[in-house]
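# Summary of structural features
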Amino acid sequence: MGLRRDARRAVKLAKDIMWSRRAQRSLGVKLAEQQPLPPHRFRIGVYFADGKVNLYQLRQWYAPLAELAERHPVLLLSRASGAALALLDESPLPVAYVRRVADLERVIHEQDLHVILYVNQNAKNFQMMRYGRRWHVFINHGESDKMYMTTNQFKAYDYALIAGDAARARLEKVLWDYDFDKRAIPIGRPQADHYLDGAPLPYPADDREVVLYAPTWEGDRDAAAYGSIASHGVALVRGLLATGRHRVVYRPHPRSGVVDPDYGAANRAIIAAIAAANAADASAHHIYDDGPKLGWQLAAADVAIVDISAMVYDRLAAGKPLLITRPANPEAQIDVSGYLQACEWLEATDAAAMVARVDEVAHDEAALERLGVWVERYFGDTTPGVTTARFHGVIDHLMAEWERFAALHAGEVEIDETDVRGGEIDDDELEA
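Here goes a summary of the coordinates provided. (Residues numbered from 1 in each chain as written. Predicted model: local features only at pLDDT ≥ 70, side-chain atom pairs only at ≥ 80, totals over all residues. Heavy atoms only, no water.)

It is worth spelling out the layout of surface pockets at this point. Estimates place the volume of the second largest pocket at around 740 Å³. Forming the boundary of the second largest pocket are 24 residues, of which Gly-132, Arg-133, Arg-134, Glu-414 and Glu-417 lie nearest the centre. Those elements that place two or more of their residues in the lining of the second largest pocket are helix 5 (101-110) and helix 15 (386-408). Split into classes, the residues belonging to the lining of the second largest pocket amount to nine nonpolar, seven polar and eight charged. (1 Å grid on protein atoms, 1.4 Å probe; cavity = no way out; pocket = protein on both sides within 12 Å on 5 of 7 lines; lining within 4 Å. Points joined across faces, edges and corners; volume = space filled by probe spheres on them. Helix = DSSP H or I, 4+ residues; strand = E, 2+ residues; numbered from the N terminus. Nonpolar A, V, L, I, M, F, W, Y, C, P; charged D, E, K, R; others polar.)

Below you can see the structure in the form of structure tokens.
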């Protein structure tokens, strides 16, 4: 068993290296076609050191950042070839490929970046955070009650933009000697203002009840084994497909199956079942959704089924019926101090029972009323436009603070922050 696993890893590594080298060549061609970035234009940098597989963390910020860029020009800083290649194709914002530290320093020298935003806790964030005289701000890639949301790494940033009261209460339990009033700034969920952008939905308006099933991946350890594709998903989706009353929108986590081949096989079985159902009934319009954009799915679905992940809170911000799968792994850690103490659970059982549970929650007014209380606790006022105004207000404040501190230190000698090593990021490692 160990030899077989090692062989699979070796094959995967070889494929990843080959893919990365091809991406590097393609990126070189695309970069040669780009116009140089205008010097001294950008004030906001968004630093992304991950590979293409984790671009979902940045994609959900596209719309809020594009709107912010109308006030303060925004530049994406990508460290990996695969991510940079995808960003150049799809991002609404300008992109700088900064594989080497020397490349990063060149962009810092050529631009006037006052605020650097971070969407994850990649260890290579510290290669950017070494540069002072600018604000380093953690904006995260989603609200959640997972362990990830209570890390002491929050202290590494000058500021953290958090969702609301629940996030602060969560952090107050674990962060010692941290100035929450100054450094943890609640803004709600700016993405929710962009869930529906006016584009037509990818299915017809009819009597079918739309069910979003958006599970997470299997996790890399028992404590974080929240994924439900193998435990709930196959029976659940097949049951919903069989009713003729439901329309399934299936949006699995892009990392589904990277650790457990059986989990990947279950994912493929669901995809195949959706294809077969559509082939049997052309009016069904079930959807396997692996596209980069997340928003309409959360706002349009009549009921959503998600695992313990940021998707819980992405949907919570929409304020519509929500079911959460209870992890089948007894070692999975569940924080019941927040919304999970009062949520609507979906147990792993047979298809008929799970479909009945979906129908129950979709039409339970009392459950929807309870949901509203938690929406307020996690995100505050969710009136359209309010959370975007908070986000812009915070950035405006940080820009003003930058100007204030720049004036205070205007007469000081400039410190040479150049990294004489000129270190290069391991691109093959990032794409793996």
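Next up on the list: the nonpolar core. Counting 37 residues, the largest nonpolar core has Leu-58, Leu-65, Val-115, Leu-117, Val-137, Leu-161 and Phe-391 as its most contacted members. No other element matches the six residues that helix 4 (residues 81-90) contributes to this core. Setting aside anything within four residues of it in sequence, one finds Leu-161 in contact with Val-137, Phe-138, Ile-139, Ile-185, Ile-187, Phe-391 and Val-394. Core analysis: the next-biggest nonpolar cluster, separate from the first, contains 36 residues, Leu-212, Val-306, Ala-332 and Cys-343 among them. (Core = buried A, V, L, I, M, F, W, Y, C linked by side-chain atoms within 4.5 Å. Buried < 20%, exposed > 50% of the residue type's maximum accessible area, 1.4 Å probe, protein only. Contact = heavy atoms within 4.5 Å.)

A few words on the pattern of salt bridges. Taken as a whole and assessed by the stated rule, the structure comprises 22 salt bridges. Its salt-bridge partner being Asp-314, residue Arg-189 comes within 2.5 Å of it at the nearest N-O pair. Taken together, the positions of Arg-189 in the loop between strand 7 (184-186) and strand 8 (209-214) and Asp-314 in helix 12 (residues 310-316) put the pair 125 residues apart, joining distant regions of the chain. With relative accessibility at 2%, the residue Asp-314 sits in the buried group. A single network of salt bridges, built from pairs that share partners, joins Glu-344, Arg-357, Glu-360 and Arg-370. (Salt bridge = Lys/Arg side-chain N within 4 Å of Asp/Glu carboxyl O.)

With respect to the helices, strands and loops of the structure, Gly-385 is situated in the loop between helix 14 (365-379) and helix 15. For Gly-385, a relative accessible area of 37% gives the class partly exposed. Each C-alpha atom of the pair Gly-385 and Gln-127 lies 35 Å from the other, and the pair is 258 residues apart in sequence.

On to empty space enclosed by the protein, then. Counting across every chain of the model gives two cavities of 30 Å³ or more. Of the volumes computed, that of the largest cavity is approximately 170 Å³. Taken together, 20 residues line the largest cavity, and the ones lying closest to its centre are Ile-139, Asn-140, Leu-161, Ile-162 and Ala-163. Listed by contribution, the elements that provide at least two residues to the lining of the largest cavity are strand 6 (159-162) and helix 7 (165-172). Class assignment for the residues of the lining of the largest cavity results in twelve nonpolar, five polar and three charged. Size it by volume and the second largest cavity reaches roughly 90 Å³. With five residues, helix 14 is the single largest residue contributor to the lining of the second largest cavity.

Here we come to the pairing of strand 4 (residues 115-118). Neither face of strand 4 is left uncovered, since the one carrying Val-115 and Leu-117 and the one carrying Ile-116 and Tyr-118 both have all their residues buried. When strand 1 (residues 44-48) meets strand 4, the two strands line up parallel, connected through four bridges. When the sheet's bridge partners are listed, Ile-44 is paired in strand 4 with Val-115. The pairing of strand 4 with strand 5 (residues 135-138) spans four bridges and is parallel. Following the sheet pairing, Leu-117 is matched in strand 5 by Val-137. (Pairing = 2+ DSSP bridges.)

Across the interface, helix 9 (residues 229-243) lies against helix 13 (residues 351-362) with an axial gap of 8 Å and an inter-helix angle of 70°. When the axis of helix 9 is compared with that of helix 13, the two are roughly perpendicular. Contacts between helix 9 and helix 13 involve His-232, Ala-235, Leu-236, Gly-239, Leu-240 and Thr-243 from the former and Ala-351, Met-354, Val-355 and Val-358 from the latter. Of the residues contributing to the contact of helix 9 with helix 13, the split by class is seven nonpolar, three polar and no charged. (Axes fitted to C-alpha atoms, helices over the stretch in contact; angles between N-to-C directions. Parallel < 35°, antiparallel > 145°, perpendicular 65-115°, else oblique.)

In sheet architecture, strand pairing relies on hydrogen bonds along the backbone and comes in two forms, parallel and antiparallel. Taken in spatial order, the seven strands make up an open sheet running 3-2-1-4-5-6-7, and their pairing is parallel. With partners counted over all chains shown, the strands left at the sheet margins are strand 3 (95-97) and strand 7, one partner each. Recorded for the sheet is a direction-independent mean angle of 25° between the axes of neighbouring strands. Where strand 2 (residues 74-78) lies against strand 3, three bridges are found, and the strand directions are parallel. The partner of Leu-77 across the bridge, within strand 3, is Ala-96. Of the strands in this sheet, strand 1, strand 4, strand 5, strand 6 and strand 7 touch helix 15, which is tilted by about 160° from strand 5.

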